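One-letter residues, chain by chain:
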Amino acid sequence: WDTRAKPAELVAELEDHVGQVRVLEAQEEKNLLFSAGEDWAINVWKTDTFKLVRRLMGHGAPVRTLTRVGDLLLSGSMDCSLRGWNLLAGGQPVDLTLNHTGWVMSIHVDEAQERIITGCSDGSIYQWDLNSQTLLRETPTHDGWVLSLAILNGERVASSSSECEFVIRPLDPC
């Protein structure tokens, strides 16, 4: 949508997914938009032409969350995995061993502390070392799914759940 136009005008309709699109992430400096959802795929779109330029495959279930750290795209899925994609190498998979006991519903990267924070359908929040990809801590937090995360000043984690909870807790040091 072009919200500068009055009334707002539809600029493009991007069609290639089968099923719902659950998440979007942008890399504005390279004119890229990533979309993912029920068809297990991550589509890469050019925002200046609205053309599909790549389709990243590797998950074995719907993709629920995307986030980007520089030229690394992270995706979390209902296959209980967190995968990485090297955007400098055309979206080539990065070997990550960040497996979870539940569906990966949300991802946040705390670059200052060099850690990845994930929220899962098992109600836990996981902290991973960004460089070594080792699990630092698992914290049971909710009775339901962890739907979203936000890090506050590097010291607290805000999380929401499928049980209509919204809590803020100290981010346990590792």
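Undergrad: An account of empty space enclosed by the protein is requested, with residue identities and associated values reported.
TA: Under the defined criterion, the tally for this structure stands at one cavity of 30 Å³ or more. Each pocket or cavity is described by its volume, and for the largest cavity that value is around 60 Å³. As for the largest cavity, its lining consists of I125, Q127, T139, T141, V157, R169, P170, L171 and D172. Only strand 11 (124-129) and strand 15 (166-170) provide two or more residues apiece to the lining of the largest cavity. A breakdown of the residues in the lining of the largest cavity according to their chemical character gives four nonpolar, three polar and two charged.

Undergrad: Break down unusual backbone geometry for me, with residues and values.
TA: At N31, a position not held by glycine, the phi torsion is positive, near 55°. Structurally, the position occupied by N31 is in the loop between strand 1 (21-27) and strand 2 (32-37). Overall, N31 belongs to the partly exposed group, its relative accessible area being 32%. Positive phi outside glycine occurs at C164, with the angle close to 65°. By secondary structure assignment, the location of C164 is in the loop between strand 14 (156-161) and strand 15.

Undergrad: Quick rundown of the packing of aromatic side chains? Include the residues and the values.
TA: Using the criterion set out here, one finds two aromatic pairs in the structure. Judged by centre distance (5.0 Å) and plane angle (65°), the ring pair of W103 and W145 falls under edge-to-face. Taken as a pair, W103 in the loop between strand 8 (92-99) and strand 9 (104-110) and W145 in the loop between strand 12 (135-140) and strand 13 (146-152) lie far apart in primary sequence, 42 residues in all. With relative accessibility at 32%, the residue W145 sits in the partly exposed group. Judged by centre distance (6.2 Å) and plane angle (20°), the ring pair of Y126 and W128 falls under stacked.

Undergrad: Tell me about the pattern of salt bridges, and please be specific about residues and values.
TA: Summed over all chains, the structure comprises six salt bridges. Two residues, R55 and D16, come together in a salt bridge whose shortest N-O distance is 2.8 Å. Of this pair, R55 sits in strand 4 (residues 52-56) while D16 sits in the segment before strand 1; the two residues are 39 residues apart in sequence, bridging distant segments of the chain. Among the charged side chains, a salt-bridge network with shared partners connects D16, D39 and R55.

Undergrad: How would you explain the sheet that holds strand 1 if you had to name every residue and give the values?
TA: Strand order in the open sheet made by the four strands is 1-2-3-4, with antiparallel pairing throughout. Edge strands, defined here as strands with exactly one partner in the open sheet, are strand 1 and strand 4. Across the sheet, the mean angle from the axis of one strand to that of its neighbour is 20°, orientation sign disregarded. Pairing of strand 3 (residues 42-46) with strand 4 involves four bridges; the strand directions are antiparallel. In the strand pairing of strand 4, W45 is matched with L52.

Undergrad: Kindly report on the layout of surface pockets, identifying the contributing residues and their values.
TA: One number sums up the size of the largest pocket: a volume of about 270 Å³. Lining the largest pocket, in full, are A12, L14, H17, V21, L24, L33, S35, W45, K46, T47 and F50. Within the residue set of the lining of the largest pocket, elements represented by two or more residues are strand 1, strand 2 and strand 3.

Undergrad: Can you explain the sheet that holds strand 13? Please cite residues and give values.
TA: In spatial order, the strands read 13-14-15; together these three strands make up an open sheet with antiparallel pairing. In this open sheet, the two edge strands, each paired with only one partner strand, are strand 13 and strand 15. Recorded for the sheet is a direction-independent mean angle of 20° between the axes of neighbouring strands. As paired elements, strand 14 and strand 15 share five bridges and run antiparallel to each other. Considered in strand 15, the bridge of S160 is made with F166.

The rules behind each value
- Residues numbered from 1 in each chain as written.
- Predicted model: local features only at pLDDT ≥ 70, side-chain atom pairs only at ≥ 80, totals over all residues.
- Heavy atoms only, no water.
- 1 Å grid on protein atoms, 1.4 Å probe; cavity = no way out; pocket = protein on both sides within 12 Å on 5 of 7 lines; lining within 4 Å.
- Points joined across faces, edges and corners; volume = space filled by probe spheres on them.
- Helix = DSSP H or I, 4+ residues; strand = E, 2+ residues; numbered from the N terminus.
- Nonpolar A, V, L, I, M, F, W, Y, C, P; charged D, E, K, R; others polar.
- Buried < 20%, exposed > 50% of the residue type's maximum accessible area, 1.4 Å probe, protein only.
- Phe/Tyr/Trp six-rings, centres within 6.5 Å; stacked < 30°, edge-to-face > 60°.
- Salt bridge = Lys/Arg side-chain N within 4 Å of Asp/Glu carboxyl O.
- Pairing = 2+ DSSP bridges.
- Axes fitted to C-alpha atoms, helices over the stretch in contact; angles between N-to-C directions.

What is shown is where atoms sit, not what they do.
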